[in-house]
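Here is how the chains run, residue by residue.
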Amino acid sequence: MKTLLATAITASLLAIPAYAESVKIGFVTTLTTGAAAIGEDMKNSVELAVEHLGGKAGDMDIEVIFEDDAFAPESGKQVTDKLVKQDDVDFVAGYIWSHVLLASRKSVLDADKFLISTNAGPSQIAGKLCDKNFFSTSWQNDQTPMAMGEVLNKMGVKSLYVMAPNYAAGKDMTAGVERTFEGEIVGKDLTKWGADAQLDFSAELAKAKASDADGLFVFYPGAAGGAFIKQYDQAGLKDTLPLYSVFTVDAISLPKLQEAGLESVLGSQFTQEWDPTLDNEANKKFVEGYKEAYGHYPSYYGAQSYDAIMLIASAVEKAGGVDDKDALRAALEEADFDSVRGDFKFGTNHLPVQDFYLREAVKDEDGVWTTKVVDTVYEDHVDSFASECSMD
Amino acid sequence: MTMLRGRGWITAIIMILLAVLPPIFVATGNAFWLDLATRLVILAIAAVSLNLILGYGGLVSFGHAALLGIGAYAVGIPAHHWLYGGGPEWLQTTSGWLQFPLAILAAALFALVTGAICLRTRGVYFIMITMAFAQMMYYLIVSIEEYGGDDGLVIDQRSELPFVDFSDPLQQYFFCFVSLVIVLLLVRMIVNSRFGMVLQGAKGNEERMRTLGYNVYAYRLTAYVISGAMCGFAGALLGNFTTFISPEMMDWQRSGELMFMVILGGASTTVGPVLGAVVFIVLEHLLSSLPEPLGVYWHLPFGLLLIIVVLFVRGGLTTLLTRRGDR
Amino acid sequence: MDTSLFIIQLLNGIQLGLLLFLVASGLTLVFGILDFVNLAHGALYMVGAFICASLTYATGSFILAVIIALPLTAAVGFVIERLVARPLYARNHLDQVLATFGLILVLDTAAHLIWGPQGMAVPLPEFLQGQISLSGGLVLPTFRLVIIFTGLAAAGGLFWLVNYTRLGMLIRAGASNRTMVSALGINIQLLFSLVFALGAALAGLAGMLIAPITEASIGMGNSIIITAFVVIIVGGIGSMKGAFLAALMIGLIDTLGRSYLDEIFSLVMSPVAAENSAPAISAMLIYIIMAAVLAFRPQGLFPPKVR
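The rules behind these values
Sequence order as written defines residue numbering, which begins from 1 separately in each chain. Chain letters start at A and ligand numbers start at 1, both assigned in the order the entries are written. Local features are withheld for residues below a pLDDT of 70 in this predicted model, meaning they are given only at 70 or higher, and side-chain atom pairs are given and counted only at 80 or more; totals for whole chains, interfaces and linings count all residues. The helix count covers DSSP runs of H or I at least four residues long, the strand count covers runs of E at least two residues long, and both are numbered beginning at the N terminus. In this setup the radius of gyration rests on C-alpha atoms only. A globule is expected at 2.2 Å times the number of residues raised to 0.38. Remark: C-beta atoms are placed from the backbone, and a residue is labelled buried if 20 or more other C-beta atoms sit within 10 Å of its own, exposed if 12 or fewer do, or partly exposed between those counts. Residue pairs qualify as contacts under a 7 Å threshold applied to their C-beta atoms, which are placed from the backbone. Under the scheme applied here, ten amino acids are nonpolar (Ala, Val, Leu, Ile, Met, Phe, Trp, Tyr, Cys and Pro), four are charged (Asp, Glu, Lys and Arg), and all others, including Gly, are polar. By convention the nonpolar core is taken to be a set of buried residues drawn from Ala, Val, Leu, Ile, Met, Phe, Trp, Tyr and Cys and joined through C-beta atoms within 7 Å. Domain start and stop points were drawn from an automatic or database domain assignment. Multiplying 1.5 Å by the helix residue count minus one yields the expected span of that helix. Between any two strands, pairing holds if DSSP finds at least two bridges. Axis angles are defined between N-to-C directions and span 0 to 180 degrees, where every axis is a line fitted to C-alpha atoms and, for a helix, only to the segment in contact. Roughly parallel here means an angle under 35 degrees, roughly antiparallel means over 145, roughly perpendicular means 65 to 115, and every remaining angle is called oblique. In this scheme the handedness of a crossing depends on how the near helix is turned from the far one: anticlockwise by less than a right angle means left-handed, clockwise means right-handed. We call a crossover right-handed when, viewed with both strands directed away from the observer, the connection leading from the first strand over the helix to the second proceeds clockwise. Confidence of the predictor at the level of single residues is given by pLDDT, which spans 0 to 100. At any given residue, the bend is defined as the angle formed between two axes, one fitted to the seven residues that end at that position and one fitted to the seven that begin there.

Trainee: Even after reading the chapter, I still don't get the overall build of chain A, so can you show me in this structure?
Mentor: For chain A, the count of helices and strands is 13 helices and 13 strands. The C-alpha radius of gyration computed for chain A amounts to 21 Å, which stays within 12% of the reference 21 Å derived for 392 residues, consistent with globular compactness. Here chain A holds 392 residues, and the buried ones make up 62% of them. Once local pairs closer than 6 in sequence are excluded, the contacts in chain A between residues at least 24 apart make up 73%.

Trainee: So what exactly am I meant to see when it comes to the overall build of chain B here?
Mentor: Broken down by element type, chain B carries 13 helices and 4 strands. Compactness check: chain B gives a C-alpha radius of gyration of 20 Å against a globular reference of 20 Å for 327 residues, within 12% of the reference. In terms of principal-axis extent, the alpha carbons of chain B reach across some 55 × 50 × 40 Å. Within chain B, the fraction of its 327 residues that count as buried is 55%. When contacts within chain B are restricted to residue pairs at least 6 apart in sequence, those whose partners lie at least 24 apart make up 78%.

Trainee: Hey, could you run me through the interface of chain B and chain C in this one?
Mentor: Put simply, an interface is often sized by how much accessible area is lost when its parts join up. Taken together, the contacts link 35 residues of chain B with 36 residues of chain C. Elements with a minimum of two residues in the side of chain B that touches chain C: helix H5 (123–143), helix H10 (252–265) and helix H12 (299–312) of chain B. Of the residues forming the side of chain B that touches chain C, the biggest block, 14 residues, is contributed by H5(B). Class assignment of the residues belonging to the side of chain B that touches chain C gives a composition of 25 nonpolar, 8 polar and 2 charged.

Trainee: Got a minute to help me understand the nonpolar core in this structure?
Mentor: A general tendency of soluble globular proteins is for nonpolar side chains to be buried together. In terms of nonpolar packing, the biggest core is built from 358 residues, with A:Ile312, B:Ala107, C:Val23, C:Ala49, C:Cys52 and C:Val231 touching the most fellow members. For this core, the element with the highest residue contribution is helix H2 (residues 31–56) of chain B, accounting for 17 residues. Each of domain 1 (2–139 + 279–352) and domain 2 (143–272 + 356–381) of chain A accounts for three or more of the residues forming this core. Once residues within four sequence positions are removed from consideration, C:Ala49 is found in contact with C:Gly207, C:Met208, C:Ile210, C:Ala211, C:Ala216 and C:Met220.

Trainee: So what exactly am I meant to see when it comes to the interface of chain A and chain C here?
Mentor: Counting residues at the interface gives 33 residues for chain A, matched by 32 residues for chain C. Taken together, the elements giving at least two residues each to the side of chain A that touches chain C come down to helix H2 (36–52), strand E8 (184–191), helix H8 (202–210), helix H9 (223–234) and helix H10 (254–259) of chain A. No other element matches the 6 residues that H9(A) contributes to the side of chain A that touches chain C.

Trainee: Would you mind going over helix H6 (residues 143–155) of chain A with me for this structure?
Mentor: Each α-helix winds once per 3.6 residues, and so residues spaced three or four apart point in a common direction. Residue and element names in this part refer to chain A. Compared with an ideal rise of 1.5 Å per residue, which puts 13 residues at 18 Å, H6 spans 19 Å between its outermost C-alpha atoms and is within 8% of the ideal. Along H6, the residues that are buried comprise Gln143, Thr144, Pro145, Met146, Ala147, Met148, Gly149, Val151 and Leu152. One or two steps after H6, the chain reaches Gly156, where phi turns positive at roughly 80°.

Trainee: Help me understand the sheet that holds strand E6 (residues 134–136) of chain A, please; the structure alone is not making it clear to me.
Mentor: Strands pair in a sheet through their backbones, by hydrogen bonds, and they do so in one of two ways: parallel or antiparallel. Residue and element names in this part refer to chain A. Pairing is mixed in the open sheet, where 6 strands are placed in the order E2-E3-E1-E4-E5-E6. One side of each edge strand has no neighbouring strand; the edge strands of this open sheet are strand E2 (56–57) and E6. Across 8 bridges, the pairing between strand E1 (residues 22–29) and strand E3 (residues 60–68) is parallel. Bridged to Val23 within E3 is Ile62. Strands E1, strand E4 (91–94), strand E5 (114–117) and E6 of the sheet are contacted by helix H4 (residues 98–110), whose axis makes an angle of about 155° with E5.

Trainee: Would you explain the packing of helix H3 (residues 73–85) of chain A against H4(A) in this entry?
Mentor: A pair of packed helices is captured by two measures, namely the crossing angle of their axes and the spacing between those axes. All names here are of chain A. H4 packs onto H3 with a crossing angle of 30° between their chain directions and a minimal axis gap of 8 Å. One finds that H3 runs roughly parallel with respect to H4. The crossing of H3 and H4 is right-handed. When H3 is examined against H4, the residues Pro73, Glu74, Gly76, Lys77, Thr80, Asp81 and Val84 are found in contact with a partner set consisting of His99, Val100, Ala103, Ser104, Ser107 and Val108. For the contact of H3 with H4, the residue count by class is 5 nonpolar, 5 polar and 3 charged.

Trainee: Please clarify how the packing of H2(B) against helix H9 (residues 216–242) of chain B should be interpreted in this entry.
Mentor: All names here are of chain B. It is the contact of H2 with H9, at a shortest axis distance of 8 Å, that shows an interaxial angle of 170°. Compared by their axis directions, H2 and H9 come out roughly antiparallel. Contacts between H2 and H9 pair Thr38, Arg39, Ile42, Ile45, Ala46, Ser49, Leu50, Leu52 and Ile53 from the former with Ala223, Tyr224, Ile226, Ser227, Met230, Cys231, Ala234, Leu237, Leu238 and Phe241 from the latter. Split into classes, the residues belonging to the contact of H2 with H9 amount to 15 nonpolar, 3 polar and 1 charged.

Trainee: Looking at this structure, how should I read the pairing of strand E9 (residues 215–219) of chain A?
Mentor: The two faces of the sheet receive side chains in turn, since in a regular strand these alternate between them. Residue and element names in this part refer to chain A. Where burial is concerned, most of E9 is hidden: 4 out of the 5 residues are buried. Pairing analysis gives 4 bridges linking strand E7 (residues 159–165) to E9, with the strands arranged parallel. Bridging across to E9, Tyr161 finds its partner in Leu216. In this structure, E9 lies alongside strand E10 (residues 243–246), joined through 4 bridges in parallel fashion. When the sheet's bridge partners are listed, Leu216 is paired in E10 with Leu243. Note on the crossover from E9 through H9 to E10: the handedness is right-handed.

Trainee: Sorry if this is basic, but what is going on with the confidence of the model for chain A here?
Mentor: Should the pLDDT be low somewhere, the predicted coordinates at that spot are not to be read in detail. Residue and element names in this part refer to chain A. Taken as a whole, chain A shows an average pLDDT of 90; of its residues, 94% reach a score of 70 or greater. Throughout residues 1–5 the model reports pLDDT below 50, and contacts reaching past four residues in sequence, or to other chains, amount to 0 contacts. Confidence drops under pLDDT 50 across residues 7–19; counting only partners more than four residues distant or on other chains, this segment forms 0 contacts.

Trainee: Could you clarify how one ought to interpret the domain arrangement of chain A in this entry?
Mentor: Residues and elements named next belong to chain A. Assigned domains of chain A: these are domain 1 (2–139 + 279–352) and domain 2 (143–272 + 356–381). Domain 1 and domain 2 are separated by 28 Å when their C-alpha centres are compared. Across the boundary between the two partners, domain 1 contributes 22 residues, which contact 16 residues of domain 2. Counting only elements with at least two residues in the side of domain 1 that touches domain 2, the list comes to H2 and H4. Of the residues that constitute the side of domain 1 that touches domain 2, the class distribution is 14 nonpolar, 7 polar and 1 charged.

Trainee: Is there a simple way to explain unusual backbone geometry in this structure?
Mentor: Residues other than glycine predominantly adopt negative phi, and peptide bonds predominantly adopt the trans conformation. The phi torsion at A:Tyr95 lies on the positive side, around 75°, for a residue other than glycine. With respect to the helices and strands, A:Tyr95 occurs in the loop between E4 and H4.

Trainee: What exactly am I supposed to notice about H2(B) here?
Mentor: All names here are of chain B. Across its 26 residues, H2 extends 36 Å between first and last C-alpha, which sits within 8% of the 38 Å expected from 1.5 Å per residue. A bend of about 35° at Leu50 is the largest found in H2. Just beyond H2, the residue with positive phi is Gly58, at close to 70°.

Trainee: When you look at the environment of C:Gly207 in this model, what are you seeing that I'm missing?
Mentor: Looking at the secondary structure, you find C:Gly207 in helix H9 (residues 188–210). Along the chain, C:Gly207 and C:Val47 lie 160 residues apart, while their C-alpha atoms are 7.7 Å from each other.

Trainee: Could you clarify how one ought to interpret the environment of B:Val183 in this entry?
Mentor: Residues and elements named next belong to chain B. Looking at the secondary structure, you find Val183 in helix H6 (residues 169–192). Of the residues examined, Val183 has 22 C-beta atoms within 10 Å and is grouped as buried. For the pair Val183 and Leu221, spaced 38 residues apart in sequence, the C-alpha separation works out to 19 Å. Not counting chain neighbours up to four residues away, the residues in contact with Val183 comprise Ile45, Val48, Ser49 and Met230.

Trainee: Can you help me understand the pairing of E7(A) in this one?
Mentor: Residues and elements named next belong to chain A. For E7, a buried count of 6 out of 7 residues is recorded, marking the element as mostly surrounded by other parts of the structure. Sheet analysis places E7 next to E8, joined by 7 bridges and oriented parallel. If you follow Pro165 over to E8, its bridge partner there is Thr191. Chirality of the crossover, the property in question, places the unit of E7, helix H7 (residues 168–180) and E8 among those that are right-handed.

Trainee: Whenever I open this one, the confidence of the model for chain B confuses me. Can you help?
Mentor: The share of residues in chain B with pLDDT of 70 or more is 96%, and the mean pLDDT across the chain is 90. Across chain B, the secondary-structure element scoring lowest on mean pLDDT is helix H13 (residues 316–326) of chain B, at 68, and the one scoring highest is H9(B), at 97.

Here is the structure:
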């Protein structure tokens, strides 16, 4: 036993050459609670990105430390503090939830580290609270629902009932659709969110139905999305109250909806900045690699996380390490990497300036439920808060 | 030297470690361990305050986290108005001279009002009614959009006091540590006073105390308010430490954690809850930072430990450690 | 006010109330008879949901899955009673609260280990998927009605069991005088195990009924358990009738609060403030009721007769 242990130690010592410096990335996501499915998707994509990079950013090894935010701002901040202070990471990336990001951002930025959101995009952080060391590989929350609002106008929808969870992103999402939608909002419900989120929407759906709106707009990410679609289906609202959603029907919820046989979700449309069918080399490599490794389609959460690792690696390589923060920041701003979205560029507030597509839930050639692009809604869209951002 | 026999040596060891280790953490560049120590000391204050009514008064409060939250919001709300305006003018401040007394008074007031009602009940009903009031407070905060609701509130500016700089981690730590020492001495004084004797007597035999002419209800309410005030103070420290507060910290599960700290360390001693907080926080950290994929499942050993402690370690760790010395 | 909407919301409230009753009835049995505070009762609700979800995929039938899952959840309850609950009967409520708090952590993490983090959807058979039109243009999802009927049937069965069977007689006797029952030569230990297992099956049934609507997910029991405690305290600990009436009351308050409170509030405050505060205030309402009951009528609104 002792020899075995000794061999193992020697082997592990040999595996890490003493001279190889590493770039440390802390990655905060949700690995417990019902929202862990999203975290899993992001974690898988990060690991895939590291694998595709051969574990290297330039000549430095990539080391990723994953932490669980337990779907709560307070614990998210706690693990962020740990990453910054104990692990002394160079980058903190991840964050699914807007409220978790808002609670954690100060810890990272005060320590003069780089913060890269791979999903959450609360309005504050794009505008007044923007920072030279903050970057995003996702979007500002309002953008996707704004695109949906445009689509609704085109479809001639005149009145809308709105439902979203009661937290930072839920409020941004409803504000986003209200920003572009020209018809009337006839009712709105904000439901309890977090680890003990409300998942039974009977009362709200009954209200929505009674409102006689032309359509129902919802935002229910993660497990809540699947639950919502099921109840929408069970209530038989498909013909009387068409569903328009953002971040609700996706690679997280579709496999479960397929298992449960809820055919009615096929054909429903929603907006997004990425899709597995986007035609570019990086995306093909990502989607195929992901399907091969994990047996199902990746989600936009994964795509954005994959991009974040690629972005970091490109910047570290260009800046020749992580010591010169200014060079690193400049390299990040250039965003010179092969994004799964095709071209990738940052706006003045370090959020991507990008296209938004209309997607539809379909069956692929193997009969697996997924999404495809049906239209481009926005080209090179800049979020509404960029003008409020001034970096010094 | 009677102090150092039996439980005394535990007190001495813990307090010396708490005084000596943090500067070493800083000197060796382990800032995170200093953070851990700060959190630990603050929660220890809350646990000690809970123990005053739980251990000595026999009043099992399942809502103490609400008091912690009230204290934290008493720092957060003035700081919020100071930065973004709104609210009455006297509230727009980051001065600790306003925030700390506000935290103590608000928590004491909450304890007075709820305690007056809760103390009409006994046993498990008391456990449930204290939890009910904490849940009310939780949902009240959730409903106030201005202070972030469910999303919580970032404290952009810590409290300002002339003799301590809260943005310096070590100064902050020692302020918390000294507070803990004062609170411990205070609780010890209360427990050993005639007041404390009545409180403990009522725990054992309420009728007897009543026939002796004591107004047990008034004694208990006073203890409840003192405990609330201390916990509110701990909350103000916690708000300054985390610089982020959310209704989450008032959740019933947090109250359960505070209770666990008290029971783990030993409810019959002044210093027990401190030991409980130390073990709780250190264990929580060690288990949750186990290598993947074990870290994600850290609640499993933690839950088992909780069950085992309750089933087999009666009287808490303090009793366990001193069994030989004492008997 | 829209009458048909109101009726639908009433039915939604009753449905929620019946689910709460299924959880609360077991809790009040265990609490009333065994004098045991079981915070982990909600975890059994989750365990039931997950077992049922797995079995639905294994057998291909939701109904068959429920039938098999019920005794399995009861068995889980039986084991928990032997291992954790029994040594705690003689302890004070504080110890019970803490140990079962630990048990929640253990069961939640065990579910995470067994079923993964992502939760499980439960597909319904075709005939339960649609909607049923009631008179007056009321349309309700079929499965919601199924929940209502199952809940009523379970309540009926429980009343029969407690009031008209030998087991029920012993349960009632055990609630009022434990030593007398054991003096009669009854195996009180076994009686306790059975009561605990029955409670587990009832909570599990609630989990199985909600799973096709939401899904089976980690920690799903932690929010319902506190509400269930509110129910049994408002109803009177140990009282089956109390649990039933209080569950319906809480279910209706919660649902109607979520439906109408924002409209009521917008009469006195801005619509935005009303939207934000209404859900939280309706959640607060049930705790206000509980505190009021405890303060003025600690034995509950419908205390058991034999006490």
